[in-house]
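# Structural description and commentary
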Amino acid sequence: MDGNGRWAQRRSLPRTAGHQAAETTVIDIIEAARAAGVEWLSLYAFSTENWNRPGAEVDFLMGLVRRVVRKHAPLLLARGIRCRFLGVADSRIPRELARDFEDLATLTADNRGMTLTVAFDHGGRRDIVEAARSLIRSGTPADEVTEQLFADHLPFPDTPDVDLVIRTSGEQRISNFMLWQVAYAEWVFPEVLWPDFRAPDFLACLRTYRRRDRRFGGVPPRTTGDPS
């Protein structure tokens, strides 16, 4: 979810105003994804690298996220959305916010309409390191480690591989996001900043995805693969 700061700067507003404006987009996209039949939606809200931002901005984000979680918990429950939080390992996260994350995950655990994963204090490299540590602790012999077994030690191993990554504001980098799961993801880079991103923009990205020829390293079935 990119472009909050730039959205605010273009309007001569503090960066925090961009983060506030992003709340409407979050709810709009969750509703749009659910209506479109998306079964798994992940939102990258705060990365392990975002701790490097000014302390005042980080503190504001922590408070904002807590208000958003508490405000929209009834809606998420009513919509049948299961909520999970990927990351949330740093001791700097306010205890009250971590507890709100746990409460929302527990509240919606039995929902089956859509799974919403909020990546907060998330880093793809850290997930991979933790999976490796888990395998070592389990005593698994090196020659028995497979890709599937490794994936089983990642957080939320039931999460399917990512099909589509949408980065608003035109940014074109992975930014340490779910590195294992995005191995064969399609990418779309709309120019619109996240606070202005709405359901029609999201649906346009889905249409772009559906036009992609996903071969996973193979060749289209209508060809023989003969280079001649």
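Described below are features of the structure shown in this document. The shown structure was predicted, so the numbers you read here are calculated from the model rather than taken from an experiment. (Residues numbered from 1 in each chain as written. Predicted model: local features only at pLDDT ≥ 70, side-chain atom pairs only at ≥ 80, totals over all residues. Heavy atoms only, no water.)

### Considerations on the sheet that holds strand β3 (residues 114-122)
Taken together, the 3 strands give an open sheet; going across it, the order is β1-β3-β2, and neighbouring strands pair in parallel fashion. Across the chains shown, the open sheet's two edge strands, defined by having one partner strand only, are β1 (40-47) and β2 (81-87). Going from strand to strand, the sheet's axes swing by 20° on average, the running direction of each strand aside. Bridging between β1 and β3 involves 7 bridges; their strand directions are parallel. Its bridge partner being in β3, Leu-43 is matched across the sheet by Val-118. Where helix α5 (residues 124-137) meets the sheet, it contacts β2 and β3, and its direction lies at approximately 95° from that of β3. (Pairing = 2+ DSSP bridges. Helix = DSSP H or I, 4+ residues; strand = E, 2+ residues; numbered from the N terminus. Axes fitted to C-alpha atoms, helices over the stretch in contact; angles between N-to-C directions. Contact = heavy atoms within 4.5 Å.)

### Considering the environment of Ser-12
Tracing the backbone through its elements, the reader meets Ser-12 in the loop between α1 (4-10) and α2 (15-35). For Ser-12, a relative accessible area of 72% puts it in the exposed group. The sequence separation of Ser-12 and Arg-82 amounts to 70 residues, and the corresponding C-alpha distance is 37 Å. (Buried < 20%, exposed > 50% of the residue type's maximum accessible area, 1.4 Å probe, protein only.)

### Considerations on the pairing of β3
Most of β3 sits out of view: 9 of its 9 residues are buried. Bridge count for β2 against β3 is 7 bridges, and the pairing is parallel. Bridge pairing in β3 places Phe-85 opposite Val-118.

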